[in-house]
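Per-entry structural report
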Amino acid sequence: MISLKDIANHCGVSVATVSKALNDHSDIGAQTKERIRKVASELGYVPNAAAKSMKTNRTHNIGVLFMDDANSGLQHDFFASVLESFKQGVEKEGYDITFISNDRTRPGRSSYLTHARYRRFDGIIIANVHFEDPEVVELVKSDIPVVTIDHIYNDTTTILSDNVGGMNELVDFVVANGHKKIAFIHGADSSVTRLRLVTFNKRMEEKGLTVPDEYIKESPYRDTHGAYEKTLELLSLDEEERPTCIFYPDDYAAYGGMRAISEKGLKVPEDVSVVGFDGIKVARHIRPRLTTYRQDTNELGKQAAKNLIDLIERPKTTLTQQVVVTGSLLEGDTLQKLN
């Protein structure tokens, strides 16, 4: 195995100079750094991760705790895109990622916190889990730097989609197109769901529009069958009472609703308009194109990476914060212009 001493001998410099050059210290000239790095590469030098860990007290490994009730795993369009952007962000800074198993049926499994300490994670990103789970709460309250996606804990950095701005923008757009009878099939209870639901009701009130209780339904996120069933309930209302537009918790659910509308012999958007919330890529290629709010998954992942690395590397000067990432309205073909 090639050592720093071998590189030093080839370059005619001290071991200390080689170390500083490879670690990009400012007191080593650019030409010297380039020459030493070139020799190190030619000799096949590989840094000793264990030695580096002992010296810096870091493993340069980040844990990822991710769970999906729909069992779609990394096929989950929204979070897969966020995590891919996060992965690229931390890898640029020299970190690797490791997924934390959430299989509680595994014999001898340890808690999330015990597992994180065993793996010596420098930090952890948490996304799409049961945030009230005692094991998750224990992990968040530990001394390990944590960043969460779309869930707010006290004294923890959170990266959020602009759920308030997104919902306001959707309501404004739908009302501007002449709709007054607007239903909302929202996702299962969570901080994001509550935020969207309150914003929806508040914005409708500000527009002087009434939302009947029967217009509000609940169906799990990414559950096309659940959305299908709830849509049938809305369509069973008398024609005069039936909503002209239905909001869905996400784009996948919206397609379940569109199936129910079609099976009832109705058309989208001529008879019932449909609005999603996600902006998944596939929705731009299916006809009719879905009117939805696109969440900026790339920026969400970048912000999660940046803020977690700041917490790891600059703990004395980094404050926990809520970072809100703005998305954009995507006008599709599923909203009828009534005016």
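Going by the structure above, here's the rest.
This section reports on the structure supplied with the text. As the structure is a computational prediction, the values presented were derived from the model and not from experiment. (Residues numbered from 1 in each chain as written. Predicted model: local features only at pLDDT ≥ 70, side-chain atom pairs only at ≥ 80, totals over all residues. Heavy atoms only, no water.)

Observations regarding the overall build of the protein
The number of helices and strands found in the protein is twelve helices and twelve strands. Here the C-alpha atoms of the protein give a radius of gyration of 25 Å, more than 25% beyond the 20 Å that 2.2 N^0.38 yields for 339 residues. Counting only C-alpha atoms, the protein reaches 85 × 45 × 35 Å along its principal axes. For the protein, the residues scored as buried account for 48% of the 339 residues in total. Of all intrachain contacts in the protein linking residues separated by at least 6 positions in sequence, the fraction that spans at least 24 positions is 69%. As displayed, the protein offers around 17400 Å² of accessible surface, 48% of which is attributable to carbon and sulfur atoms. When the 42 basic and 49 acidic side-chain charges of the protein are each reduced to a single mean position, those positions are 7 Å apart. (Helix = DSSP H or I, 4+ residues; strand = E, 2+ residues; numbered from the N terminus. Rg over C-alpha atoms; globule rule 2.2 N^0.38 Å. Buried < 20%, exposed > 50% of the residue type's maximum accessible area, 1.4 Å probe, protein only. Contact = heavy atoms within 4.5 Å. Areas by Shrake-Rupley, 256 points an atom, 1.4 Å probe, with all protein chains shown as cover. Lys, Arg positive; Asp, Glu negative; His and termini not counted. Charge placed at Lys NZ, Arg CZ, Asp CG, Glu CD.)

Regarding the packing of aromatic side chains
If you walk through the whole model with that rule in mind, you get seven aromatic pairs. Taking the centre distance of 4.7 Å and the plane angle of 75 degrees together, the rings of Phe78 and Phe79 count as edge-to-face. Measuring from ring centre to ring centre gives 6.3 Å for Phe184 and Phe247, while their planes differ by 70 degrees; the resulting arrangement is edge-to-face. You can see Phe184 sitting in strand 6 (residues 182-186) and its partner Phe247 sitting in strand 8 (residues 245-247), a full 63 residues away along the chain. Each member of the pair, Phe184 as well as Phe247, carries the same accessibility label: buried. Aromatic ring contacts, followed pair by pair, group Phe66, Phe78 and Phe79 into a single cluster. Above the plane of the ring of Phe277 lies Arg196, whose end atom (NZ or CZ) is 3.8 Å from the centre. (Phe/Tyr/Trp six-rings, centres within 6.5 Å; stacked < 30°, edge-to-face > 60°. Lys NZ or Arg CZ within 6 Å of the ring centre and 35° of its normal.)

Topic: a negative patch on the surface
On the surface, Asp213, Glu214, Asp238, Glu239, Glu240, Glu241, Glu270 and Asp271 cluster together into a patch of negative charge. Looking at where Glu240 falls in the secondary structure, it is placed in the loop between helix 10 (224-235) and strand 8. (Patch = residues over 30% accessible without salt bridge, like charges linked within 9 Å, V, L, I, M, F, W, Y side chains within 5 Å. Salt bridge = Lys/Arg side-chain N within 4 Å of Asp/Glu carboxyl O.)

Looking at the nonpolar core
Counting residues in hydrophobic clusters, the biggest one holds 40 residues, and the most contacted among them are Phe200, Phe247, Tyr248, Ile261 and Val274. Among the secondary structure elements, those contributing two or more residues to this core are helix 8 (163-176), strand 6, helix 9 (191-206), helix 10, strand 8, helix 11 (251-263) and strand 9 (273-275). The residues contacting Tyr248, other than those within four sequence positions of it, are Phe184, Ile185, Ala227, Thr231, Ala253, Ala254, Gly257, Ile261, Val274, Val275, Gly276 and Phe277. Core analysis: the next-biggest nonpolar cluster, separate from the first, contains 24 residues, Leu83, Val147, Ile149 and Ala305 among them. (Core = buried A, V, L, I, M, F, W, Y, C linked by side-chain atoms within 4.5 Å.)

Focus on the pairing of strand 1 (residues 61-66)
In terms of burial, strand 1 is a largely internal element, six of the six residues being buried. By the bridge criterion, four bridges tie strand 1 to strand 2 (residues 96-99) in an arrangement that is parallel. Looking at strand 2, one finds that Gly63 is bridged to Thr98. As defined by bridge partners, strand 1 adjoins strand 3 (residues 123-127) across five bridges and the pair is classed as parallel. Bridging across to strand 3, Ile62 finds its partner in Gly123. (Pairing = 2+ DSSP bridges.)

Observations regarding the side chain of Ser85
Tracing the backbone through its elements, the reader meets Ser85 in helix 5 (residues 77-92). Not counting the four nearest positions on each side in its chain, Ser85 is found in contact with Thr297, Asn298, Gly301 and Lys302.

Concerning the pattern of salt bridges
Across all of its chains, the model carries 17 salt bridges by this definition. Close ionic contact of Asp189 with Arg194 constitutes a salt bridge, the shortest N to O distance being 2.9 Å. Residue class for Arg194 comes out partly exposed when judged on its relative accessible area of 40%. A salt bridge links Lys202 to Glu206; its shortest N-O distance comes to 2.6 Å. Of this pair, Lys202 and Glu206 both sit in helix 9, separated by four residues, roughly a single helical turn.

Some remarks on the environment of Thr157
Locating Thr157 in the fold gives a position in strand 5 (residues 157-161). Measuring from C-alpha to C-alpha, the distance between Thr157 and Ile185 comes to 29 Å, with 28 residues separating the pair along the chain. Discounting chain neighbours no more than four positions away, the residues touching Thr157 are Val146, Val147, Thr148, Asn307, Leu311, Leu319, Thr320 and Gln321. Within the structure, Thr157 has its side chain in polar contact with the backbone nitrogen of Gln321 (distance 3.2 Å). (Polar contact = N/O pair within 3.5 Å; in protein donor to acceptor, adjacent residues only side chain to side chain.)

Concerning the sheet that holds strand 2
Spatial ordering of the open sheet is given by 2-1-3-4-5-11, a layout of six strands whose pairing is parallel. Either end of the sheet is taken by a strand with one partner, and the two such strands are strand 2 and strand 11 (322-325). Each strand of the sheet is rotated relative to its neighbour by a mean of 20 degrees, with strand direction disregarded. Running over the sheet, helix 12 (residues 297-313) touches strand 1, strand 3, strand 4 (146-149), strand 5 and strand 11 and is turned about 170 degrees from strand 5. (Axes fitted to C-alpha atoms, helices over the stretch in contact; angles between N-to-C directions.)

What about the sheet that holds strand 7 (residues 216-218)?
Sheet architecture is open: four strands sit in the order 7-6-8-9, paired in parallel fashion. The outermost strands of the open sheet, each flanked by one partner alone, are strand 7 and strand 9. Strand-to-strand twist of the sheet, defined as the mean angle between neighbouring strand axes without regard to direction, takes the value 20 degrees. Summarising the sheet, strand 6 and strand 8 pair through three bridges and their orientation is parallel.

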